[in-house]
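Okay, here's what each chain looks like letter by letter:
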Amino acid sequence: MLFAITLFCSCGAKSKAVESGLNSNPNIIFFFVDDLGWSDLGFRNDTFESPNIDKLAKAGINFTQFYIASPTCSPSRSSILTGKHPARLKIVRHIPTDTKNGFDEFGRTNVEFNYLDSDPAQFPCRNWLPLEHITYAEFLKEKGYYNLFVGKWHLGHEEYHPVKQGFDKQIGTANAGHPSSYYPPYFKDSTLFPDANNRYLTDKLTDEAVDFIENYDKDQPFNLSFWYYSVHHPHEGRTDLLEYFKSRGLEGRYANYAAMVKATDESIGRVLEAIKNKGIEKETIVIFMSDQGGYFENKPFRGGKLTETLCEGGARVPFFFYWPGVTKASTENNSIVQSVDLFPTLVDLLGGDISNYKKIDGVSLLQTITEDKAVERDAIYGYRAYEDLYASVCSGEWKLLAYRSGKLELYNIANDIKEERNLVDKKPEKRNELVEKLRNWEKEMEVEEYSGVQ
């Protein structure tokens with residue numbers, strides 16, 4: 001069943017909403033899907049079926065140029081939670097959690113940094129998000145919110161879990177970055193949900209989220225951060241949905257992946273239906289995004305999760321923001337925005353002072369959300385530590401790709417969305433301008449010793 005989104009008149013700014021008594025202290029539901037590509041949704045690719053997510057995208061603002069600062073599991077989460085770039089946090093790879101990297105059988109370690117043999121820079125990446133960094137959950141708690149975390153964390157073992165980072169309760173959180181199976185037992189070294197009774201993991205987590213909404217009786221707004229394990233591998237679709245997509249002609253991993261997308265969509269529909277049934281849909285903000293591009297082809301883009309991840313197919317992901325009574329339906333905003341922007345946006349939205357938080361790399365999107373204005377910024381930066389391609393600079397319609405080996409590529413994204421026509425030799429002034437921006441930014445992040453352009 002499709003959830004019902006009720007649309008209201010659009011207000012010009014948060015102040016108008018507050019003055020009218022609308023959503024002055026809204027509940028927040030944040031859906032964060034793992035490895036869902038920009039084009040892995042029904043309204044962009046009819047291979048997939050995602051009617052609930054499609055409807056959500058049309059209900060509010062669809063940010064068409066939303067980028068993850070470091071597109072991979074752990075870094076993406078660190079940037080969203082703190083508003084700080086993963087390069088600043090020194091978390092620019094996924095946290096490995098295996099014995100080869102010094103973790104025990106339960107995914108725990110006292111070793112702060114890990115290294116990767118294939119990384120030419122030998123960049124030391126942290127194995128947890130340090131507790132001194134303020135998260136959006138900690139800010140929301142100060143504003144009187146109850147914070148529930150459901151699902152995948154991947155930012156450190158128990159000492160650094162959500163309940164240590166501002167959340168009041170966590171459900172379904174393991175040390176591992178992905179399950180060994182989407183059917184129980186879900187994790188090799190965990191007793192999560194021992195009574196799951198063969199329940200598909202996405203559905204089990206949804207049961208918990210729906211139960212929370214239905215029984216919530218606290219006299220305070222809530223933040224439900226539902227961070228899915230899906231659609232991360234293993235690609236294992238729910239049995240009934242797998243058979244359905246096979247009947248449509250899909251095979252193997254493609255059929256499983258499509259089934260996982262549909263199961264995630266059904267989950268989101270169930271959660272939002274619970275909000276509607278609770279009678280609180282008018283006072284609930286809904287946020288949806290993904291942590292990086294998917295495994296498969298991300299038309300019309302180049303790159304993805306496994307290769308050329310800082311290209312559009314790996315770094316650009318879905319991002320929708322729905323605020324009843326404030327956002328206007330069917331709005332598409334083409335501003336360049338990034339994962340580090342969520343934290344300052346929530347601070348601004350709830351009347352906080354962003355200047356109280358030091359070294360925030362994001363900008364508030366509040367005015368863009370309330371008035372559909374363009375975001376004004378100089379540039380955004382992508383950064384990873386896996387292979388030769390390690391950094392990107394997006395400024396206006398231009399994008400620079402930088403490699404540890406010194407190689408550079410330059411694209412006009414407005415005219416070449418597939419990043420096929422390298423203009424690095426034809427546009428030397430623009431190349432030099434973006435290289436200089438990258439150099440200065442690397443110094444600010446204190447990562448210049450690993451640079452390919454210094």
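Notes on the structure follow. Each residue is numbered by its place in its chain's sequence as written, counting from 1. A pLDDT threshold of at least 70 governs which residues receive local features in this predicted model, and a stricter bar of 80 or more applies before side-chain atom pairs are shown or counted, although totals over entire chains, interfaces and linings include all residues. Side-chain figures throughout are based on the complete set of non-hydrogen atoms in the structure, without hydrogens or water.

**Re the overall build of the protein chain**
Basically, it comes down to this: Think of it this way: any DSSP run of H or I at least four residues long counts as a helix, any run of E at least two long counts as a strand, and we number them from the N terminus. Atoms counted for the radius of gyration: C-alpha only. Globule rule: 2.2 Å times residue count to the power 0.38. Partly exposed residues are those whose accessible area sits between 20% and 50% of the maximum for their type, while under 20% is buried and over 50% is exposed, using a 1.4 Å probe and protein chains only. We call two residues contacting when some pair of their heavy atoms lies within 4.5 Å. Using the Shrake-Rupley algorithm and a 1.4 Å probe, accessible areas are obtained, with residue cover drawn only from the displayed protein chains. Neither His nor the chain ends is counted toward charge; the positive residues are Lys and Arg and the negative residues Asp and Glu. Note on charges: their place is set at NZ of Lys, CZ of Arg, CG of Asp or CD of Glu.
A tally of helices and strands in the protein chain yields twelve helices and 14 strands. Scaling as 2.2 N^0.38, a compact globule of 454 residues should have a C-alpha radius of gyration of about 22 Å, and the protein chain matches this with 21 Å. Reported as C-alpha extents along the three principal axes, the dimensions of the protein chain are approximately 60 × 50 × 50 Å. A total of 454 residues make up the protein chain; the buried ones form 61% of that total. Counting contacts in the protein chain only where the partners sit at least 6 residues apart, residues at least 24 apart contribute 68% of the total. Summing over all exposed atoms, the protein chain offers an accessible surface of approximately 17500 Å²; the carbon and sulfur share of this is 46%. In the protein chain, 53 side chains carry a positive charge and 66 a negative one; their mean positions are 2 Å apart.

**Things to note about the sheet that holds strand S14 (residues 408–412)**
In plain terms, the rule: Here a strand pair is declared whenever DSSP counts at least two bridges between the two strands. The convention used is that axes are lines fitted to C-alpha atoms, helices contributing only their stretch in contact, and that angles between N-to-C directions extend from 0 to 180 degrees.
Strand order in the open sheet formed by four strands is S11-S12-S13-S14, and the pairing between neighbours is antiparallel. The sheet is open, and its two borders are formed by strand S11 (380–383) and S14, each paired with just one other strand. Averaged over neighbouring strand pairs, the angle between their axes works out to 15° when direction is ignored. In terms of strand pairing, S11 meets strand S12 (residues 389–395) through four bridges, oriented antiparallel. Paired with Tyr-381 across the bridge in S12 is Val-393. Sheet contacts for helix H12 (residues 428–445): S11, S12, strand S13 (398–403) and S14; angle to S12, the most-contacted strand, approximately 115°.

**With respect to helix H8 (residues 252–278)**
Under the convention used in this document: Multiply 1.5 Å by the residue count of a helix minus one, and that product is the helix's expected span.
Taking 1.5 Å of rise per residue, the 27 residues of H8 would be expected to cover 39 Å, and the 39 Å separating its terminal C-alpha atoms lies within 8% of that figure. Summarising burial for H8: 19 of the 27 residues are buried, a large majority. In the stretch just after H8, Gly-279 is the one whose phi turns positive, near 80°.

**A word on the environment of Ile-95**
Residue placement: Ile-95 occurs in the loop between helix H4 (86–89) and strand S3 (113–114). Taking C-alpha positions, Ile-95 is 9.7 Å from Gly-107, a pair spaced twelve residues apart along the chain. Apart from residues no more than four positions distant in its own chain, Ile-95 is found in contact with Ser-74, Phe-103, Arg-126, Asn-127, Trp-128, His-154, Leu-155 and Gly-156.

**With respect to helix H3 (residues 73–82)**
Of all ten residues making up H3, ten are buried, and the element is well covered by its neighbours. Within the span of H3, buried status applies to Cys-73, Ser-74, Pro-75, Ser-76, Arg-77, Ser-78, Ser-79, Ile-80, Leu-81 and Thr-82. Each element contacted by the buried residues of H3 is listed here: strand S1 (27–33), H4, helix H5 (136–142), strand S7 (222–227), strand S8 (284–290) and helix H10 (342–349). Just downstream of H3 lies Gly-83, where phi reads positive at about 75°.

**Details of the packing of helix H6 (residues 201–215) against H8**
Two quantities define a packed helix pair, namely the angle between the helix axes and the distance between the axes. To keep it simple, the criterion reads: Working definition: roughly parallel below 35 degrees, roughly antiparallel above 145 degrees, roughly perpendicular at 65 to 115 degrees, and oblique for all remaining angles. The residue classification treats Ala, Val, Leu, Ile, Met, Phe, Trp, Tyr, Cys and Pro as nonpolar and Asp, Glu, Lys and Arg as charged. All others, Gly included, are polar.
Two elements in contact, H6 and H8, have axes whose closest approach is 9 Å; the angle formed by their N-to-C orientations is 10°. For the element pair H6 / H8, the angle class is roughly parallel. The residues of H8 that touch H6, namely those facing Thr-202, Asp-203, Thr-206, Asp-207, Ala-209, Val-210, Ile-213, Glu-214 and Asn-215, are Ala-263, Thr-264, Ser-267, Arg-270, Val-271, Ala-274, Ile-275 and Lys-278. Tallied by class, the residues present in the contact of H6 with H8 amount to seven nonpolar, five polar and five charged.

**Focus: the side chain of His-235**
You can see His-235 is positioned in the loop between S7 and helix H7 (239–247). Residues within four places of His-235 in sequence aside, it is in contact with Arg-253, Asn-256, Tyr-257, Met-260, Tyr-295 and Phe-296.

**Let's talk about the environment of His-161**
The condition is simple: By the criterion applied in these results, polar contacts are pairs of N or O atoms within 3.5 Å in which, for protein atoms, one can donate a hydrogen and the other can accept it, and in which residues neighboring in sequence qualify only through two side-chain atoms.
Relative to the helices and strands, His-161 is located in the loop between strand S5 (146–151) and strand S6 (169–171). What makes His-161 buried here is its relative accessible area of 5%. Between the alpha carbons of His-161 and Asp-348 there is a distance of 26 Å; along the sequence they are 187 residues apart. Ignoring anything within four residues of it in the chain, the contact list for His-161 reads Trp-153, Gly-156, Gln-170, Thr-173, Ala-174 and Asn-175. Only 3.0 Å separates the side chain of His-161 from the side chain of Gln-170, close enough to count as a polar contact.

**Focus on the nonpolar core**
We apply this condition: Residues belong to a common nonpolar core when they are buried Ala, Val, Leu, Ile, Met, Phe, Trp, Tyr or Cys residues joined through side-chain atoms within 4.5 Å.
Ranked by internal contacts, the top residues of the largest apolar core, which has 58 residues, are Phe-31, Leu-224, Val-271 and Phe-288. Looking at this core element by element, the count peaks at twelve residues for H8. Setting aside anything within four residues of it in sequence, one finds Phe-288 in contact with Phe-31, Val-33, Leu-36, Ile-53, Leu-56, Ile-268, Pro-318, Phe-319 and Phe-320. Ile-68, Phe-319, Val-347 and Tyr-357 belong to the second-largest nonpolar core, a separate cluster that totals 43 residues.

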